[in-house]
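Working through the structure, step by step
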Amino acid sequence: MSDGPTFGRREDDVILAGEYVLGLLSDLEREAFEKRIARDPLVREIVAGWAEDMTPLTEGPEIKPPRRVQSRIQKELFAENTSASGLVARIFKWGLGGLAGATAAALIVLGTMTILEPAPPSLVAEISGEQGLGLQAVVREDRLTVARLGPPPAEGRSYELWLIVGEAAPVSLGLLDGDRERLVRLDDFDVATLDGALLALSDEPFGGSPTGAPTGSVLAAGPLVDAQT
Amino acid sequence: MTTREDIEELIARVAMEDRKAFDALYSATSAKLFGICLRVLNDRAAAEEALQEVYVRIWHRADRYRANGYSPMTWLITVTRNHAIDRLRARRAVSGKMAGAVPEDLPAREPGPEALAAHASDMALLKGCLEELDAQKADAVRGAYLQGETYQELSDRLGIPLNTIRTWLRRSLLSLRACMSQ
């Protein structure tokens, strides 16, 4: 470790970690630093130290929340297993380090396109999620057209689209940020097995999940269903 | 009194989708976390919504809490503080004005003697170290952590040029860290 004339590398990390915990980094700096946190156990430890040190600032009276808060939580999480929030658990049990990367890289995302002679749709999805967000999707042959409804992502964040087939890990279909509509080739999937597969939109750091698996809140999720029924 | 081990155990069970453990975790921690939401947001309805979102998040992310090396209460507090700050910033972006730092007219419930004792030493250490910084710098650290103030907002509020405040706050962080590690 070498100490420069101002701050050494280690001091820089201590400062960056402090700024990160205090929320002082710009979006770009924060993203870059989050990548380092994910990779470097030493950096992770410095961040945890700062988080630990700062928590006494939150000290103050404990205040019992009204009962309705717990009922709302129960309702949101457990009311219906087929609702978008019920599906979130299925998506999130995969946690960090999913297997999606390799497969996702093989997907070819063509961006917004017009299909001149559309084949009849085989599968469709109409999904409404949180914050006025929704997804409308149509599968024709081996192509998925998906449109996002609702507001664009917050500054410094991205929306990422995922496909979850059965019990397999979510596979990234790419971002759904500025483009409200995308065409995705499903070359890596057997379209015949996609009936009931889940489409999900998650909130991610700008540029997409750093881990290859969903890391942020799932904002909308729902199944692809047979277009004929 | 719920111990650190109890909370750790509850989070581990929540990670396995154990709803009873989730209820127990809520009973043990919601008053503390609601207090934080209220102090940051200074608005009951917003604090209730924030608390709801915090527990939904805790349910979904419990399996990942170990990965970042936080102690269980620090993890819960950090999830809560970060979420409340996100909401506060969003509100500030909308309203364009600062929220008050000190909540008023809240029916305060005093923490029990054990809770006070458990945190008294941590609090004293941080307080002592903040006092070693000059008042304005300590105030800036508090403003960033508890009110989500950015460098630009600190610069505006304290009337200090952006680059100056960035430089002196970064130095202060280094001093603060050194003091806390002693």
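Since the model is a prediction, treat every value here as computed from it, not as a measurement.

Comments concerning the confidence of the model for chain A
Taken over all residues, the pLDDT of chain A has a mean of 78, while the share at 70 or more is 78%. Note that pLDDT drops below 50 for residues 1-5 of chain A; the model gives that stretch five contacts with residues more than four away or on any other chain.

What about unusual backbone geometry?
Even without being a glycine, A:Glu141 presents a positive backbone phi close to 50°. Note on placement: A:Glu141 falls in the loop between β3 (134-140) and β4 (143-149). The residue B:Asn42 is not glycine, and still its phi comes out positive at about 55°.

Focus on the sheet that holds strand β9 (residues 218-223) of chain A
Residues and elements named next belong to chain A. Read from one edge of the open sheet, four strands run β6-β5-β8-β9, paired in antiparallel fashion. Among the strands making up the open sheet, the edge pair consists of β6 (171-175) and β9. In this sheet, neighbouring strand axes are inclined to one another by 25° on average, regardless of whether the strands run parallel or antiparallel. Here four bridges tie strand β5 (residues 157-164) to β6, and the two strands are oriented antiparallel to one another. By the bridge assignment, Leu161 is partnered in β6 with Gly174.

A closer look at the interface of chain A and chain B
Contacts between the two partners involve 54 residues from chain A and, on the opposite side, 62 residues from chain B. The largest contributions to the chain A side of the interface with chain B come from A:Leu57, A:Glu62 and A:Ile63, which together make up 14% of the buried area. Along the contact surface separating chain A from chain B lie six salt bridges. For A:Arg68, the salt bridge identified is with B:Glu48, shortest N-O distance 2.7 Å. For the pair chain A and chain B, the interface holds 16 residue pairs in polar contact (both at pLDDT 80 or more). Listed by contribution, the elements that provide at least two residues to the side of chain A that touches chain B are α1 (9-22), α3 (41-54), α4 (67-78) and α5 (84-92) of chain A. If you tally residues by element for the side of chain A that touches chain B, the top one is α3(A), at ten residues. Its residues assigned to classes, the side of chain A that touches chain B comprises 27 nonpolar, 14 polar and 13 charged.

Overview of the packing of aromatic side chains
Counted by the stated rule, this structure contains seven aromatic pairs over all chains. Ring centres 4.9 Å apart and planes at 80° place the aromatic pair A:Phe78 and B:Trp59 in the edge-to-face group. Here A:Phe78, found in helix α4, pairs with B:Trp59, found in helix α3 (residues 44-61), and the two come from separate chains. Per residue, the accessibility class of A:Phe78 equals that of B:Trp59, and both read buried. On the basis of an interplanar angle of 65° and a centroid distance of 5.1 Å, the ring pair of B:Phe22 and B:Trp59 is categorised as edge-to-face.

With respect to the environment of B:Arg39
Mapping B:Arg39 onto the fold places it in helix α2 (residues 19-41). Between the C-alpha atom of B:Arg39 and that of B:Ala84, which follows or precedes it by 45 residues, the distance is 9.4 Å. A distance of 2.8 Å separates the side chain of B:Arg39 from the backbone oxygen of A:Thr58, its partner in a polar contact. Within the structure, B:Arg39 has its side chain in polar contact with the backbone oxygen of A:Pro61 (distance 2.8 Å).

Cut-offs applied
- Residues numbered from 1 in each chain as written.
- Chains lettered and ligands numbered in written order.
- Predicted model: local features only at pLDDT ≥ 70, side-chain atom pairs only at ≥ 80, totals over all residues.
- Heavy atoms only, no water.
- pLDDT = per-residue confidence, 0-100.
- Contact = heavy atoms within 4.5 Å.
- Helix = DSSP H or I, 4+ residues; strand = E, 2+ residues; numbered from the N terminus.
- Pairing = 2+ DSSP bridges.
- Axes fitted to C-alpha atoms, helices over the stretch in contact; angles between N-to-C directions.
- Buried area = accessible area lost by both parts, 1.4 Å probe.
- Salt bridge = Lys/Arg side-chain N within 4 Å of Asp/Glu carboxyl O.
- Polar contact = N/O pair within 3.5 Å; in protein donor to acceptor, adjacent residues only side chain to side chain.
- Nonpolar A, V, L, I, M, F, W, Y, C, P; charged D, E, K, R; others polar.
- Phe/Tyr/Trp six-rings, centres within 6.5 Å; stacked < 30°, edge-to-face > 60°.
- Buried < 20%, exposed > 50% of the residue type's maximum accessible area, 1.4 Å probe, protein only.

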